[in-house]
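Spelled out from the first residue to the last, the chains are:
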Amino acid sequence: MAENLFIIIAALVIASAFWVVFSPNLIHSAVSLIFTLFSTAGLYIFLYADFIAATQVVIYVGGILVLIIFGVMLTNSIDTPSIAASSKNQFIGGMGALTIFVIQVAVIFNTPWHIGTEQSRDSTVASIGNLLLNEYLLPFEIISILLLAALMGAALLSRRT
Amino acid sequence: MTSILDSLVKSFSSFNLDIAVILPVVTLIGGTVIFLIMAVNALVAVYFERKISAFMQDRLGPMEVGIFGFKGGKKFWGGIGQTLADAIKLLVKEDILPNNADKFLMILAPFIIFTGAFLTFIGVPFAQNIVISDFNIGIFYIFAMSSIGVIGVILAGWSSNNKWSLYGSMRAAAQIISYEIPIGLSLLLVVLVTGSLHLGDIVQWQADHRWFIFHSPFTFLAFFIFYISTIAETNRTPFDIPEAESELVAGWMTEYSGFRWALFFLSEYANMLIVSIVASIVFLGGWLSPLQIFNIFPDSWLILDGPAMGLFWILFKAVILIFIMMWIRWTFPRLRVDQLMYLCWKIFIPFALVNLLFVSLWELIF
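Residues numbered from 1 in each chain as written. Chains lettered and ligands numbered in written order. Predicted model: local features only at pLDDT ≥ 70, side-chain atom pairs only at ≥ 80, totals over all residues.

Sorry if this is basic, but what is going on with the overall build of chain A here?
The helix and strand tally for chain A stands at six helices and zero strands. When the helices and strands of chain A are read in sequence order from the N terminus, they spell out α-α-α-α-α-α. Residues counted as buried form 17% of the 161 residues belonging to chain A. Counted over contacts in chain A with a minimum sequence separation of 6, partners at least 24 positions apart contribute 54%. (Helix = DSSP H or I, 4+ residues; strand = E, 2+ residues; numbered from the N terminus. Buried ≥ 20, exposed ≤ 12 C-beta atoms within 10 Å, placed from the backbone. Contact = placed C-beta atoms within 7 Å.)

In structure tokens:
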């Protein structure tokens, strides 16, 4: 039961990700990304990471994707994009992609995965909060300063002078 | 809290069925229940809305429409046929897709909006044990799933290939994304004080202490920021600039007709019910009865406090909040675009942020 469900969700992630890359229409790519990001949230639920899954939906589907669609929507000539029209650097790009693919496959097969039986857990929110504010406080604060700087930069750029 | 899905699984497993058979059946039952709630809610709410508008603005139609010759007097039952007429009208309307529209996206968009409302209902409790599935991260789940709908709104506007629709969807995107921030900040306040994202725990905290709206002056303010922002989030007048009839025909739904338009309608009323129930759970004590606050009623009245009355009280509060939404809709004029953004970014967000700071101080001091 659980395996079948996992296969369906994983297939949905891969198929929609393919369509994001290969769709000739930019906005169809952006819409396909909804299914990719949403199904990824489903994969998190399989890992008992309910909080991460909901965060994925809030940030990626509700925030970033809306921004992407909004940006794509207002560009000209959506039906005839000239992304792949020039064949410059195709070889180098292909080699780069292949290298990353090989590295990822190697990492996947060389990692000692922890395979346990299913067990229900308590909420993960409390432990995430504790870890963020105790063990990983410095990275957490650095990220928040980075985001604040990005926010101020965006406000400065969009201001009418 | 036990959820409906859990208890269904438990009662089905007494038949010695395989779990691979039980789970799809139980999921299907849960989905049907949500769909029924949404459909009945839309029917009742449309009738409610038409009658209220008729009372407030002296509209004649909704007071007159009968059913099979039953006119039902002037005031309360008059216009009982309106709901039936609306439903039949929506189902038999011609289904039009414009020639130059992006047909695939135009068909997909209403379903994305509907899915957003549908998924949100899974986590919304109707009483202590009446919830489709009980999440530990309940309030965060509801917040997450209600942010999906805006994608459908943007796609509906863009795919129609119509300038009114595009304007409407741009406005909708700007508005909904902006108003999510004060909503999130007001809910954060509740999480900060109660220390839990679980809706059952939040109501239990209110049972042990007091209703959240009366907890401190800042939470009182937070309720109003939350409530007004949710009216903007559900695209209702005075915040309905995305569909502003007088300037944009019908905004992002201009090109829609028939059943696809009915899906928009269904989702709008479903979202109204969701935000009202969330507001009453988080700020107004959820399924606790208001009689406990005053402590002046005789003991025989306390039968109204029991857990069996939870469903009644939560719907009672939600219906009052929905009524106020309709009251506001039929009495206030529409805001301008810049006024809407001013209200959100320069009033609600600063107030919500300062609120958060002062509530933290309040919790430290008291």
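Now that the structure has been shown, we can carry on.
Explain the overall build of chain B here, please?
Each helix and strand in chain B was counted, giving 15 helices and zero strands. Taking 366 residues into account, the globule formula puts the C-alpha radius of gyration at 21 Å, and chain B, at 22 Å, falls close to it. Its C-alpha atoms put chain B at 60 × 55 × 50 Å along the principal axes. Sorting the 366 residues of chain B into buried and exposed places 43% on the buried side. Here the analysis covers contacts within chain B between residues at least 6 apart in sequence; of these, 75% occur between residues at least 24 apart. (Rg over C-alpha atoms; globule rule 2.2 N^0.38 Å.)

Please clarify how the environment of Phe214(B) should be interpreted in this entry.
Here Phe214(B) shows up in the loop between helix 9 (199-208) and helix 10 (217-233). The sequence separation of Phe214(B) and Val359(B) amounts to 145 residues, and the corresponding C-alpha distance is 13 Å.

Would you explain the interface of chain B and chain A in this entry?
Accessible area lost upon the coming together of the parts serves often as the stated size of an interface. Contacts between the two partners involve 22 residues from chain B, matched on the other side by 18 residues from chain A. If you list the elements that add at least two residues to the side of chain B that touches chain A, you get helix 2 (19-57), helix 6 (138-145), helix 7 (149-159) and helix 8 (163-194) of chain B. In the side of chain B that touches chain A, the residues fall into 20 nonpolar, two polar and no charged. (Nonpolar A, V, L, I, M, F, W, Y, C, P; charged D, E, K, R; others polar.)

Can you help me understand the packing of helix 5 (residues 103-122) of chain B against helix 7 of chain B in this one?
When two helices pack together, their arrangement is given by the angle between their axes and by how far apart the axes lie. Residues and elements named next belong to chain B. Closest axis-to-axis distance for the helix 5/helix 7 pair is 8 Å, and the angle between their directions is 160°. It follows from the interaxial angle that helix 5 and helix 7 lie roughly antiparallel. Taken as a pair, helix 5 and helix 7 cross one another with a handedness that is left-handed. Of the residues in helix 7, those in contact with Leu105, Met106, Leu108, Ala109, Pro110, Ile112, Ile113, Gly116 and Ala117 of helix 5 are Gly149, Ile151, Gly152, Val153, Leu155, Ala156 and Ser159. Class assignment for the residues of the contact of helix 5 with helix 7 results in twelve nonpolar, four polar and no charged. (Axes fitted to C-alpha atoms, helices over the stretch in contact; angles between N-to-C directions. Parallel < 35°, antiparallel > 145°, perpendicular 65-115°, else oblique. Left-handed = near helix turned anticlockwise from the far one by under 90°.)

So what exactly am I meant to see when it comes to helix 7 of chain B here?
Residues spaced three or four apart along an α-helix face the same direction, because each turn holds 3.6 residues. Of all eleven residues in helix 7 of chain B, eleven are buried; the element is thus mostly enclosed. Of the positions making up helix 7 of chain B, those classed as buried are Gly149(B), Val150(B), Ile151(B), Gly152(B), Val153(B), Ile154(B), Leu155(B), Ala156(B), Gly157(B), Trp158(B) and Ser159(B). Elements in contact with the buried residues of helix 7 of chain B: helix 2 (26-46) and helix 3 (50-73) of chain A together with helix 5, helix 8 and helix 12 (258-282) of chain B. After helix 7 of chain B finishes, the residue Asn161(B) shows a positive phi value of roughly 55°.

Please clarify how the packing of helix 1 (residues 2-22) of chain A against helix 2 of chain A should be interpreted in this entry.
Residue and element names in this part refer to chain A. Where helix 1 meets helix 2, the axes come as close as 8 Å, and the angle between the chain directions of the two elements is 155°. With respect to their mutual orientation, helix 1 and helix 2 come out roughly antiparallel. Once helix 1 is placed against helix 2, the crossing between them reads as left-handed. Contacts between helix 1 and helix 2 pair Phe6, Ile9, Ala10, Leu12, Val13, Ser16, Ala17, Trp19 and Val20 from the former with Ser29, Ser32, Leu33, Phe35, Thr36, Ser39, Thr40, Gly42, Leu43 and Phe46 from the latter. Across the contact of helix 1 with helix 2, the residue classes tally to twelve nonpolar, seven polar and no charged.

Whenever I open this one, the nonpolar core confuses me. Can you help?
One broad rule of soluble globular proteins: the nonpolar side chains tend to lie buried together. Counting 117 residues, the largest nonpolar core has Ala54(A), Val57(A), Ile151(B), Ile154(B), Ile274(B) and Val282(B) as its most contacted members. The residues touching Ile274(B), leaving out its near neighbours within four places in the chain, are Ala117(B), Thr120(B), Phe121(B), Val124(B) and Ser146(B). (Core = buried A, V, L, I, M, F, W, Y, C linked by C-beta atoms within 7 Å.)

Explanation requested: helix 3 of chain A in the structure shown.
Between its first and last C-alpha, helix 3 of chain A extends 32 Å over 24 residues, near the 34 Å set by a 1.5 Å rise per residue. The largest bend along helix 3 of chain A reaches roughly 35° and is located at Leu65(A). (Expected span 1.5 Å × (residues − 1). Bend = angle between axes of the 7 residues up to and from the residue.)

How do you make sense of the domain arrangement of chain A when you look at a structure like this?
Per the domain assignment, the segments making up chain A are domain 1 (1-78) and domain 2 (125-161). The distance between the C-alpha centroids of domain 1 of chain A and domain 2 of chain A comes to 24 Å. (Domains from an automatic or database assignment.)

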